[in-house]
Amino acid sequence: MGANTSQVTDLSENSSLKILVGTESISENDPFWNQLISFTFISPTNSGDSKLLEEAVIPLAKALIQNNPRTGNFGALVRVFLGRTKELKISTECQDQLFIWQAHNALFMIRCLVKVFIRDMSEEELQQQFSFQERAPGSCGAGSEDLLEELLLNLVHLIVEVPLLDITYSILFEAVTTLLLLFSYQLFHKDILRDGLIYQHIMKGRCLELTSRLVKTLLYNFIRQEKCPPPAAHIFEPKAEGGLLYGLASGVASGLWSVFTLGGAGSRAGIDQDNNLLPLSNQSLLLLLVLANLTDGPDWPNPFRQAITCFRNTQDTSSLPVEPPHSFQINFNSLYTALCEQQRSDQATLLLYTLLHQNANMRTYILSRTDMDNLVMPILEILYHVEDRNSHHVYMALIILLILTEDDAFNRSIHEVVLKNISWYTERSLTEISLGSLLILVVIRTIQFNMTRTRDKYLHTNCLAALANMSAQFRSLHQYAAQRIISLFALLSKKHNKVLEQATQSLRGRQGDNVALPDYAQDLNVIEEVIRMMLEIINSCLSNSLHHNPNLVYALLYKRELFEQFRSHPSFQDIMQNLDTVIGFFSQRLEQAGSDLSVERVQEVIMKGAQALPKDRLKKFPELKFKYVEEDQPEDFFIPYVWSLVFNSGVGLYWNPHGIELFSMDSG
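Definitions and cut-offs
Residues numbered from 1 in each chain as written. Predicted model: local features only at pLDDT ≥ 70, side-chain atom pairs only at ≥ 80, totals over all residues. Heavy atoms only, no water. Helix = DSSP H or I, 4+ residues; strand = E, 2+ residues; numbered from the N terminus. Contact = heavy atoms within 4.5 Å. Polar contact = N/O pair within 3.5 Å; in protein donor to acceptor, adjacent residues only side chain to side chain. Salt bridge = Lys/Arg side-chain N within 4 Å of Asp/Glu carboxyl O. Buried < 20%, exposed > 50% of the residue type's maximum accessible area, 1.4 Å probe, protein only. Axes fitted to C-alpha atoms, helices over the stretch in contact; angles between N-to-C directions. Parallel < 35°, antiparallel > 145°, perpendicular 65-115°, else oblique. Left-handed = near helix turned anticlockwise from the far one by under 90°. Nonpolar A, V, L, I, M, F, W, Y, C, P; charged D, E, K, R; others polar.

A. Representation of the environment of Glu 387 within the structure. Locating Glu 387 in the fold gives a position in the loop between helix H19 (373–384) and helix H20 (391–405). Sequence separation between Glu 387 and Phe 449 is 62 residues, and the spatial gap between their C-alpha atoms is 8.5 Å. Once residues lying within four places of it in the same chain are set aside, the contact partners of Glu 387 are Arg 445, Phe 449 and Arg 453. A polar atom in the side chain of Glu 387 sits 3.5 Å from the side chain of Arg 445.

B. Inspection of the pattern of salt bridges at higher detail. This model, assessed by the stated rule, comprises 23 salt bridges. Measuring nitrogen to oxygen at the nearest pair gives 2.5 Å for the salt bridge that ties Glu 174 to Arg 111. Taken together, the residues Glu 174 in helix H9 (residues 169–182) and Arg 111 in helix H6 (residues 97–120) connect sequence positions 63 residues apart. Residue classification places Glu 174 among the buried residues on the basis of a relative accessible area of 0%. When the shortest N-O distance is used, the salt bridge between Lys 608 and Glu 604 registers 3.5 Å. Pair noted here: Lys 608 and Glu 604 are both in helix H28 (residues 599–612), with a separation of four residues, about one helical turn. A residue is classified by how much of its surface remains accessible, and Lys 608, at 53% relative accessible area, is exposed.

C. Just the packing of H19 against H20, in detail. Direction vectors running N to C along H19 and H20 enclose 140°, while the axes themselves pass 9 Å from each other. In terms of axis orientation, H19 runs oblique to H20. In the packing of H19 onto H20, the handedness of the crossing is left-handed. Packed against H19, whose contacting residues are Val 376, Ile 379, Leu 380, Ile 382 and Leu 383, the element H20 presents His 393, Val 394, Ala 397, Leu 398, Ile 400, Leu 401 and Leu 404 at the interface. Residues that form the contact of H19 with H20 fall into these classes: eleven nonpolar, one polar and no charged.

D. Just the environment of Val 376, in detail. Mapped onto the fold, Val 376 is located in helix H19. By relative accessible area, which is 0% here, Val 376 ends up buried. Spatially, the C-alpha atom of Val 376 lies 9.7 Å from that of Gln 343, the residues being 33 residues apart in sequence.

E. Inspection of the packing of H19 against helix H22 (residues 435–452) at higher detail. Where H19 contacts H22, the two axes come as close as 9 Å, and the packing angle between them is 20°. Taken together, the axis directions place H19 and H22 in an arrangement best described as roughly parallel. Regarding H19 and H22, the two cross each other, and that crossing is left-handed. Facing H19, whose interface residues are Asp 373, Val 376, Met 377, Leu 380, Leu 383 and Tyr 384, H22 presents Leu 435, Leu 438, Leu 439, Val 442, Arg 445 and Thr 446. Residues of the contact of H19 with H22, tallied by class, amount to nine nonpolar, one polar and two charged.

Take a look at the structure:
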């Protein structure tokens, strides 16, 4: 059929493509279509190859935009694809690889063209490109059917109905990617899009009844983590006359699998090569996050968020008096396992946050697990490598910890899980430590990193809130964890004194000067808030579980002089009473035990003293409890974040950074 094309840049000269985008109308029944979609092409999986492909498609798309109002060839291509989707299920059952391959090729062409259309035109103009039909003299150029909605509906049907097999992997990936692309208008708008044609079709059109099945399928695609089939599963021997893009694969018609399987690394910084190895899983998760974060319509809720909020475990046999809209059941154990395994990616962490925050069934299930370390450890590792992670990923990891620490049973159980030899914790050899003590160490390290680098108040607040939630249930704190709690207080104390000194000197030195002073009062206020919180955390542990934490008492006594300056400070006087009582009580016992005591003897005195200290000697304070509450208009944070993930992690997708309006490139 068409000329053998050896490189992407030759696309604009390809004779078959010239006919498609040219001035002649082609009937849907013309044999041309069968020839057009019988090509072999390695679909790009990294942004460099995707960029080359897009640059080659742009002149073709522009020619089509110009001629399509008269020819209707784009609509004809879409109808050729739609005609084939109706038989895809049967083709799968019959193992008709050729038919599936051609349907995939038609969709791949539609996707490449639509991507350029979206960049260059409004949704209304896009819909027109779908509706133009061959114009007979004196007839109207637009068809009556809504071909755009028909395509959306067929894509959703394809995703939910065609089983995931080696021979269907490519077309399922293409369907998910095309659906994702159709929402990419958001990238080119700074403001959050709250309505639109595609938005309405998917949220309240004929697609609505497939909502729960689509969400369930996308979740299962994520759960299954299917790698691309090996090349042998999808080889088509080229016909003698060659295919449209035959030759691009150096004479081997291996479909898109060789690039997927070999995993050409993405050129965007920090992108996990795993995205390329698990393209369907990755793209399905990105599409799910995009759908879940669409805003509610003027008079209808987002059905995808409803589905995510209410789905239940397949093992849950209870019946509800009223079934929530778009509810379904899924295997929670499989989902939990996938979440544990995939936390190194932003999008998996964001999914975990979404489920913990919005789905009460999933949250209850996660908190009931006896292997919570499998989930918590990857989250702690994200925080431990805070220097290498983007700030959004760190926020999500922290908020997940905050949500988990709202549960008292979680706060108790983490101290019962003993871990050995944490390889990624490199500051000190931890041969044996409880999950609870490790969590404290990592959160304190995050606070210290934030104090010296980013100085983000939001980060501080969430770290301290998580520690505060856990504090009443601190049990058998590791010696190093106890030391780090007191060391953090020492660092805060030092910082407090430094800012106080700067403020004093600044006022003395510039009294007659009109130069604006740094806002030391505000800095001082922030530091004092953090110091107060740390004192409350230490106090909460001493008041509720002193006898379980001799290492904290030891660290407190060892650095007792740190606390003296705060005893008379009006902001801390009340909370210091308990610390003074504890320090005084144990100091007296140590004095009675004699001088030159060994570490072991000191610990023994502390253990006995902890049992002897009357509980009524310590003043009661309200229980420290913090609950995560999403900000007003969360979409202002989440929609740009989700699309930055699509921009950076979408497999085989490239957008010119200069056209992106939704977020700045350094936040992507």
